[in-house]
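# A structural walkthrough
Residue-level listing of the chains:
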Amino acid sequence: MTENRMMVRVQIMGESYEVPEGSTIIMAMEYAGYQLKRGIGCREGFCGACATLYREKNDYKIKGGLACQTVVNDGMVIAQIPFVPAEKPVYDINELTPDINTIKAIFPTVFRCVACNTCTKACPQDIEVMDYIQALKRGNIERAADLSFDCIRCGLCALRCPAEIVQYNAAILAQRLYGKYLSKKNPQLDKRVKEIEDGKYIEEINELMDMDREKLTETYYNREIKIS
Ligand code: SF4
Ligand code: SF4
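What you are looking at is a predicted structure, and each value in this text was computed from that prediction instead of being measured.

## Quick word on the site of ligand 2
Every one of the 15 residues lining ligand 2 counts as a neighbour, but Cys-123, Cys-151, Cys-154, Cys-157 and Tyr-168 are closest to it. Elements that contribute at least two residues to the shell around ligand 2 include exactly α6 (156-160) and α7 (167-182). Looking at the shell around ligand 2 residue by residue, the class counts come to 10 nonpolar, four polar and one charged.

As C-alpha cells, then:
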C-alpha cells in the first residue's frame, strides 16, 4: 500500500490537509499542526469539551459530534467549536423548590419546546434529550435528572434547538434539585463528605497533584472501582 492510499484529504477551519486515514478529528487536527488548548479535554468521550461540526463529502447535512470520537473521512469539512456561549442562569439551590415553579422561573425557555426531537438526534451520547425537556415541562424533576444523567455538556443539542433552549444547563438544575431534595439520603455519602471536609484525603490528593502525566495515567487505569 502506498503512503497516499493511507491518507485522506480533509478541510479544517477552511484549510485543506492530508491526514492519516482512521484518525479522529482531534488526531487529524494535531497532525495538521493545530495545538489545541480550548475545545479539548479527556480525549475519551467523557468530558464533552470537543464538540465539532462537520460535513461529509457529497452530503449537504451539517453534523455534530465529539472530535475525539469522530473518525475523519475523505472530503470531510470540519469546524471545531472552542465552546458554546450558552446562557447559564445563576441561582442558589438552597432557595429553590424541586417543582415546576422553579423550572418556570429559571428556565422559562423550556416551555418553548416544539417537540421536534432535533436535540435527541444531535446528541452524541444517545440521550433522549427531548424527553428530559418534556419531563421538565411537566415538573417531573426526578425523570429529567434520570434521563439526563449521562450528559457530558458538549452543547451540541443547544446549538441545534430551534427554541433556543439550553438543555444541558436545565439538566444540571434538575440533577441538583434531585440530589438535594428528592433522592433517598445515603448515610455513607454524608460520612464521606464529612471525611473530605475534615481533610482525610488531603495527603492522597497532594500525591496525585505531584504525579507526572505518565504516572497519573497509569494510576487512573489501575484504579480500583468499588460498586456497592
Ligand atoms: S431541539 Fe429544542 S425544540 Fe426541538 S425537541 Fe429539542 S428542546 Fe424541544
Ligand atoms: S444532552 Fe446535549 S449537552 Fe448533553 S451530551 Fe447530549 S448533546 Fe451534549
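## Looking at the domain arrangement of the protein
Interface size is commonly expressed as the accessible surface area that is lost when the partners come together. Domain assignment breaks the protein into domain 1 (3-80), domain 2 (93-182) and domain 3 (187-221). Inter-centroid distance (C-alpha atoms) of domain 1 to domain 3 is 35 Å.

## Notes on the site of ligand 1
With respect to spatial proximity, 15 residues lie near ligand 1, and among them Cys-113, Cys-116, Thr-118, Cys-119 and Cys-161 are the closest. Secondary structure elements with two or more residues in the shell around ligand 1: α3 (118-122) and α4 (129-137). Considering every element that reaches the shell around ligand 1, the biggest residue donor is α4, with three residues. Looking at side-chain class alone, the shell around ligand 1 contains 12 nonpolar, three polar and no charged residues.

## Focus on the pairing of strand β3 (residues 51-55)
Where β3 lies against strand β4 (residues 63-66), four bridges are found, and the strand directions are antiparallel. Bridge pairing links Ala-51 to Leu-66 in β4. Note that β3 and strand β5 (residues 77-80) share four bridges and pair antiparallel. In the sheet register, Leu-53 faces β5, and the bridge partner there is Ala-79.

## A closer look at the environment of Lys-191
Along the chain, Lys-191 turns up in helix α8 (residues 187-197). We classify Lys-191 as exposed; it has 10 C-beta atoms within 10 Å. A sequence separation of 69 residues divides Lys-191 from Ala-122, and the C-alpha atoms of the two residues are 40 Å apart.

## What to know about the nonpolar core
Formed by 50 residues in total, the largest nonpolar core has its most connected members in Leu-136, Ala-144, Cys-157, Ala-170 and Ala-174. Going through the elements one at a time, β1 (7-12), α1 (25-31), β3, α3, α4, α5 (141-147), α6 and α7 are the ones with two or more residues in this core. Residues from two domains meet in this core; each of domain 1 (3-80) and domain 2 (93-182) gives at least three. The contact partners of Leu-136, leaving out residues within four places of it in the chain, are Ile-103, Val-110, Ala-144, Ala-170 and Ala-174.

Cut-off values and rules
Residues numbered from 1 in each chain as written. Chains lettered and ligands numbered in written order. Predicted model: local features only at pLDDT ≥ 70, side-chain atom pairs only at ≥ 80, totals over all residues. Near = placed C-beta within 6 Å. Helix = DSSP H or I, 4+ residues; strand = E, 2+ residues; numbered from the N terminus. Nonpolar A, V, L, I, M, F, W, Y, C, P; charged D, E, K, R; others polar. Domains from an automatic or database assignment. Pairing = 2+ DSSP bridges. Buried ≥ 20, exposed ≤ 12 C-beta atoms within 10 Å, placed from the backbone. Core = buried A, V, L, I, M, F, W, Y, C linked by C-beta atoms within 7 Å. Contact = placed C-beta atoms within 7 Å.

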